[in-house]
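Residue-level listing of the chains:
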Amino acid sequence: MAEKDFSKLLYSAVMTLKSEEECQHLFEDLCTPKEIKSIAQRFAVAKMLGEGRIYNDIVDETGASTATISRVNRTMSKGSKTVLERLRTNNN
């Protein structure tokens, strides 16, 4: 199986999840606690950047380095923006 197929398989698997609990179980099966913490921290950074928060506030609240914040800021695209918009819509 090609490396690209591995990614596609993962994306397809995530699309089958029906609850937060199922998602939690999958990530716990596939990732170390440190990897989950890192992904969660980066997503929190993306959320705060989407809210227009400044780097210093993000560092203070997440503990992320300015390098991580900058990397997330540079790479935020349709994926993060789509999910964040849906979360905002669902929470209203």
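All values reported here derive from a predicted model rather than from experimental measurement.

Enquirer: Requested: an account of the packing of helix H3 (residues 33-50) against helix H5 (residues 66-75), with residues and values cited.
Expert: With their axes 9 Å apart at the nearest point, H3 and H5 run at an angle of 65° to one another. Compared by their axis directions, H3 and H5 come out roughly perpendicular. Considering the relative orientation of H3 and H5, their crossing is right-handed. Residues Arg-42, Val-45, Ala-46 and Leu-49 of H3 form the contact with H5, whose participating residues are Thr-68, Ile-69, Arg-71, Val-72 and Asn-73. In terms of residue class, the contact of H3 with H5 is made up of five nonpolar, two polar and two charged.

Enquirer: Tell me about the layout of surface pockets, residues and numbers included.
Expert: Its boundaries defined by the atoms lining it, the largest pocket holds a volume of some 1300 Å³. At the level of secondary structure, the elements contributing two or more residues to the lining of the largest pocket comprise helix H1 (3-15), helix H2 (20-30), H3, H5 and helix H6 (78-90). Along the lines of polarity and charge, the residues of the lining of the largest pocket split into 14 nonpolar, seven polar and four charged.

Enquirer: Kindly report on the environment of Gly-50, identifying the contributing residues and their values.
Expert: Among the structural elements, Gly-50 can be located in helix H3. Given the relative accessible area of 47%, Gly-50 is considered partly exposed. The spacing of Gly-50 and Leu-84 is 34 residues in sequence and 7.9 Å in space, taken between C-alpha atoms.

Enquirer: Account for the environment of Glu-20, naming residues and giving values.
Expert: Relative to the assigned elements, Glu-20 resides in helix H2. On the accessibility criterion, Glu-20 (71% relative accessible area) is exposed. Remark: the alpha-carbon pair of Glu-20 and Arg-53, spanning 33 residues in sequence, is separated by 27 Å.

Enquirer: Let's hear about the nonpolar core: which residues, and what values?
Expert: Most often, soluble globular proteins keep nonpolar side chains buried together rather than apart. Counting ten residues, the largest nonpolar core consists of Val-45, Ala-46, Met-48, Leu-49, Ile-58, Ala-64, Ile-69, Val-72, Met-76 and Leu-84. For this core, the secondary structure elements donating two or more residues are H3 and H5.

What counts as what
- Residues numbered from 1 in each chain as written.
- Predicted model: local features only at pLDDT ≥ 70, side-chain atom pairs only at ≥ 80, totals over all residues.
- Heavy atoms only, no water.
- Axes fitted to C-alpha atoms, helices over the stretch in contact; angles between N-to-C directions.
- Helix = DSSP H or I, 4+ residues; strand = E, 2+ residues; numbered from the N terminus.
- Parallel < 35°, antiparallel > 145°, perpendicular 65-115°, else oblique.
- Left-handed = near helix turned anticlockwise from the far one by under 90°.
- Contact = heavy atoms within 4.5 Å.
- Nonpolar A, V, L, I, M, F, W, Y, C, P; charged D, E, K, R; others polar.
- 1 Å grid on protein atoms, 1.4 Å probe; cavity = no way out; pocket = protein on both sides within 12 Å on 5 of 7 lines; lining within 4 Å.
- Points joined across faces, edges and corners; volume = space filled by probe spheres on them.
- Buried < 20%, exposed > 50% of the residue type's maximum accessible area, 1.4 Å probe, protein only.
- Core = buried A, V, L, I, M, F, W, Y, C linked by side-chain atoms within 4.5 Å.

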